[in-house]
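This is what each chain is made of:
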Amino acid sequence: MQCQVPAQPEPLAVDFRRSALLIIDMQRDFLEPHGFGAALGNDVSLLGRAVAPCKAMLEGARAAGILVLHTREGHRPDLSDAPKTKIERGAPERRIGVAGPMGRILVRGEAGHGIIADLQPLPSEPVIDKPGKGAFYQTDLELLLRNRGIDTLLIAGVTTEVCVHSTVREANDRGFRCLVLGDACASYHPEFHEVGLRMIAAQGAIFGWVTTTEAVLAALSDSQAARPAAPVETVAEVESA
Ligand code: C5J
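Worth saying up front: this structure is predicted, and the values here are computed from it rather than measured.

J.: Please clarify how the packing of helix α6 (residues 160-173) against helix α7 (residues 190-205) should be interpreted in this entry.
T.: Describing two packed helices takes the angle between their axes plus the distance from one axis to the other. Running from N to C, α6 and α7 point in directions that differ by 15°, and their axes come no closer than 10 Å. With respect to each other, α6 and α7 are oriented roughly parallel. Crossing of α6 against α7: the hand is right-handed. Contacts between α6 and α7 pair T160, E161, H165, V168 and R169 from the former with F192, H193, G196, L197, M199 and I200 from the latter.

J.: Help me understand the site of the ligand in this model?
T.: Around the ligand, the structure places D25, F30, F36, E73, K133, V158, T159, V162 and C163. Contacts to the ligand include T159, whose backbone N or O atom sits 2.9 Å from an oxygen atom. Between the ligand and C163 there is a distance of 3.1 Å, counted from an oxygen atom to a backbone nitrogen or oxygen. Taken by itself the ligand offers 230 Å² of open surface, and the protein chains cover 92% of this. Grouping the constituent residues of the shell around the ligand by class yields five nonpolar, one polar and three charged.

J.: Where do I start with the sheet that holds strand β7 (residues 127-130) in this structure?
T.: Backbone-to-backbone hydrogen bonds join strands into a sheet, with any given pair of strands oriented parallel or antiparallel. The parallel open sheet is built from six strands, whose spatial order is β7-β4-β3-β8-β9-β10. Pairing within the sheet leaves two strands with one partner each, and these edge strands are β7 and β10 (209-211). Between one strand and the next, the sheet's axes are offset by a mean angle of 25°, whatever the strand orientation. Taken together, the four bridges between strand β3 (residues 19-24) and strand β4 (residues 67-73) define a ladder with parallel strand orientation. Looking across to β4, one finds that L22 is bridged to L69.

J.: Can you help me understand the pattern of salt bridges in this one?
T.: Scanning all chains against the criterion turns up 12 salt bridges. As a salt-bridge pair, D25 and K130 come within 2.8 Å of each other at their nearest N and O atoms. Linking D25 in the loop between β3 and α1 (28-31) with K130 in strand β7, this pair joins segments that are 105 residues apart in sequence. The exposure classification of D25 matches that of K130, with both residues buried. Linking K86 and E73 is a salt bridge whose minimum nitrogen-to-oxygen distance equals 2.6 Å. Of the two residues, K86 is situated in helix α4 (residues 84-87) and E73 in strand β4; the sequence distance between them amounts to 13 residues.

What counts as what
Residues numbered from 1 in each chain as written. Predicted model: local features only at pLDDT ≥ 70, side-chain atom pairs only at ≥ 80, totals over all residues. Heavy atoms only, no water. Axes fitted to C-alpha atoms, helices over the stretch in contact; angles between N-to-C directions. Helix = DSSP H or I, 4+ residues; strand = E, 2+ residues; numbered from the N terminus. Parallel < 35°, antiparallel > 145°, perpendicular 65-115°, else oblique. Left-handed = near helix turned anticlockwise from the far one by under 90°. Contact = heavy atoms within 4.5 Å. Near = heavy atom within 4 Å. Polar contact = N/O pair within 3.5 Å; in protein donor to acceptor, adjacent residues only side chain to side chain. Areas by Shrake-Rupley, 256 points an atom, 1.4 Å probe, with all protein chains shown as cover. Nonpolar A, V, L, I, M, F, W, Y, C, P; charged D, E, K, R; others polar. Pairing = 2+ DSSP bridges. Salt bridge = Lys/Arg side-chain N within 4 Å of Asp/Glu carboxyl O. Buried < 20%, exposed > 50% of the residue type's maximum accessible area, 1.4 Å probe, protein only.

Quick look at the structure:
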């Protein structure tokens, strides 16, 4: 059943049975002190505002049986999947692969690479490990989505103008409709967040649509209320069982 979700630049008709929630890089390395984000000189507390909306959407999606996928940006311990040009950025003592208080920065298996406690994936929820900013680059994300018949992505996470944007652009080029939950995304640069969201919805949804967690949860609840009720057993059927 199609449900209208209020969004910019215009409402979007969404079939939640063909939608997936994609939560981008809500990792300790980006949200907590002493990780990759901090090593690049950012105020990581600015990302905290996305946590509660992400959590609300995660719980709503789980309750509704919507496919949930999480992504993590990071590299193999030998850094063989990290371009030299990516490693050689920032102060040498605080680069990707260097040991810090949460383990080696942006390296798979290290504490900082993990997803924050509030948004821990369930064992049934795919976690996509990605070496780049976009979640489709060198991952099996597209395969997982196509095999499940997904046509719409509900997108949340960090950071708005980097990994969220890269992923939205990649998804849009692959024919997925992206509905970005603006309040469930955040950036170290609030002005980039605002402009990043505007860029997505500009020119008649050039990359996708932008909405709020509240709007999606309300539409989800309406779509469930409108579902035909399961057939009720008659007294005779119950008695003969
Ligand atoms: C960054 C990300 N900002 N997840 N990664 O380097 O946006």
